[in-house]
Amino acid sequence: MSRPSLRAIRIYPVKSLTARVADAVAVEPWGLDGDRRWMLVDKAARALTQRQQPLMARISAELLSGGGLLLSAPGRPPLHVEVPEPKRTITVELHRDTVVVAEASDDAHAWFSDVLDCEVRLVHLDEPSHRRHVDPVFARPGDTVSFADGYPLLLTTTASLDALNALVAAGDRPEEGPLPMDRFRPNVVVGGTEPWAEDGWRRIAVGEVAFTVAKPCGRCVITTTDQETAERGKEPLITLARHRRFGKQLVFGQNLIPEGTGVIRVGDPVRILD
């Protein structure tokens, strides 16, 4: 067994759209630089994700210098979106939190509404004071998060994915495997561990940046969504329900909270601190 190391970094400029692969990225207290600072909301100003709209998996958002976006989708002309003016604000709902955000341009709203065939708006989290608080049961006072579901980062391991895929292959729907890592939408992927080793971690360091391992990540229907075709199956939820049920949650991966700032790079050693 090789020593644990960081194998991949993934950033999601717009919540629930495609990932962008990075070789190195700055860690901020609320997550990775550029990760989930943009989000779609429906006409009731509620967060919209692949849970409701699996076609979001096929929309790409490239993060540009200055924080803007270059949007693309199959069969659609690309669109450049600037960071909106702070004064153009609305209040939106995300997992029972209310968040003050800045609205993107009308062109961006129209582009996404056309692609998804429903009325949506694109919003941006611009002010640090508008970030959400992490669940205090698992966090320190003052810990915050952007538009990620609940925690600043999500970690998965290659060994656990291999173990899960072996269970899928031996289960009722082997034709749905093997599943790629993108189904689980991690920020950091660690290699060189035993399967499920991350279950026992409480603190780790990636390079020189330390993280609290807050809690296991409960999985939802997004993991059943093919990130290239947007088609849905039944796995991995069937297999997770049989083998990875923690209380009421079906678990794969661990949520992280940064203990400081710095830069992490693919190839960095991962040390288990506790």
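In the block above lies the structure referred to throughout.
Reading guide: rules and limits
Residues numbered from 1 in each chain as written. Predicted model: local features only at pLDDT ≥ 70, side-chain atom pairs only at ≥ 80, totals over all residues. Heavy atoms only, no water. Helix = DSSP H or I, 4+ residues; strand = E, 2+ residues; numbered from the N terminus. Buried < 20%, exposed > 50% of the residue type's maximum accessible area, 1.4 Å probe, protein only. Contact = heavy atoms within 4.5 Å. Areas by Shrake-Rupley, 256 points an atom, 1.4 Å probe, with all protein chains shown as cover. Lys, Arg positive; Asp, Glu negative; His and termini not counted. Charge placed at Lys NZ, Arg CZ, Asp CG, Glu CD. Expected span 1.5 Å × (residues − 1). Salt bridge = Lys/Arg side-chain N within 4 Å of Asp/Glu carboxyl O. Pairing = 2+ DSSP bridges. Axes fitted to C-alpha atoms, helices over the stretch in contact; angles between N-to-C directions. 1 Å grid on protein atoms, 1.4 Å probe; cavity = no way out; pocket = protein on both sides within 12 Å on 5 of 7 lines; lining within 4 Å. Points joined across faces, edges and corners; volume = space filled by probe spheres on them. Polar contact = N/O pair within 3.5 Å; in protein donor to acceptor, adjacent residues only side chain to side chain.

## Focus on the overall build of the protein
Each helix and strand counted, the protein has 3 helices and 22 strands in total. By its C-alpha atoms, the protein is 50 × 40 × 35 Å across when sized along the principal axes. Relative to its 274 residues, the protein shows a buried fraction of 52%. For the protein, restricting intrachain contacts to residue pairs at least 6 apart in sequence, the fraction spanning at least 24 positions comes to 69%. Surface summary for the protein: the accessible area is close to 12400 Å², and the carbon and sulfur share equals 49%. Computed over 34 positive and 37 negative side-chain charges, the inter-centroid distance for the protein is 4 Å.

## Quick look at helix α2 (residues 158-169)
In this model α2 runs 16 Å from its N-terminal to its C-terminal C-alpha over 12 residues, within 8% of the 16 Å that 1.5 Å per residue would give. Here α2 has its buried residues at A159, S160, L161, A163, L164, N165 and V168. Where α2 is buried, its residues contact β15 (153-157), α3 (237-243) and β20 (249-258).

## Brief notes about the pattern of salt bridges
If the charged atoms of two oppositely charged side chains come close together, the side chains can form a pair. Under the counting rule described, the total for this entry stands at 13 salt bridges. Between D149 and K15 there is a salt bridge, with the nearest N and O atoms lying 2.6 Å from each other. Of this pair, D149 sits in the loop between β14 (144-145) and β15 while K15 sits in the loop between β1 (5-11) and β2 (20-22); the two residues are 134 residues apart in sequence, bridging distant segments of the chain. Judged by its relative accessible area of 35%, D149 falls in the partly exposed class.

## Regarding the pairing of strand β17 (residues 203-206)
Relative to strand β18 (residues 209-218), β17 is paired through 4 bridges, and the arrangement is antiparallel. Within β18, the residue paired with I204 across the bridge is F211. The hairpin turn running from β17 into β18, its antiparallel successor, is 2 residues long, and G207 in that turn takes a positive phi close to 60 degrees. Strand direction decides the pairing type here: β17 and strand β22 (residues 270-272), joined by 3 bridges, are antiparallel. If you follow A205 over to β22, its bridge partner there is R271.

## Quick notes on helix α1 (residues 106-116)
Of all the residues in α1, the buried ones are A108, H109, W111, F112, S113, V115 and L116. Where the residues of α1 are buried, they touch β5 (38-42), β6 (47-48), β8 (69-72), β9 (79-81), β11 (97-103) and β12 (120-124). Just beyond α1, the residue with positive phi is D117, at close to 60 degrees.

## Regarding the sheet that holds strand β7 (residues 60-63)
Strand order in the open sheet formed by 3 strands is β7-β8-β9, with antiparallel pairing between adjacent strands. With one partner strand each, in any of the chains shown, β7 and β9 form the two edges of the open sheet. The average undirected angle you get between the axes of adjacent strands in this sheet is 25 degrees.

## Overview of the layout of surface pockets
Approximately 830 Å³ is the volume attributed to the largest pocket. Lining the largest pocket are 34 residues, and of these R51, D149, G150, C217 and G218 lie nearest its centre. Of all the secondary-structure elements, those providing two or more residues to the lining of the largest pocket are β13 (132-133), β15, β18 and β20. Among the elements that line the lining of the largest pocket, the one with the most residues is β18, at 4 residues.

## Points about the environment of D143
Note on placement: D143 falls in the loop between β13 and β14. Linking D143 and P29, residues 114 residues apart in sequence, is a C-alpha distance of 7.3 Å. Among residues more than four places away in sequence, those in contact with D143 are R132, H133, V134 and I257. A distance of 2.8 Å separates a polar side-chain atom of D143 from the backbone nitrogen of R140.

## A look at the side chain of R132
One can find R132 in strand β13. For R132, a relative accessible area of 5% corresponds to the buried category. Not counting chain neighbours up to four residues away, the residues in contact with R132 comprise L94, H95, D97, V99, D143, T144, V145, S146, F147, A148, D149 and G150.

## A look at the pairing of β1
A regular strand places its side chains so that they alternate between the two faces of the sheet. With 6 of 7 residues buried, β1 is to be regarded as a mostly interior element. Across 4 bridges, the pairing between β1 and strand β16 (residues 188-191) is antiparallel. Within β16, the residue paired with A8 across the bridge is V189. Two strands pair when backbone bridges link them, and β1 and β2 are joined in this way by 3 bridges, in the antiparallel orientation. If you follow I9 over to β2, its bridge partner there is A22.

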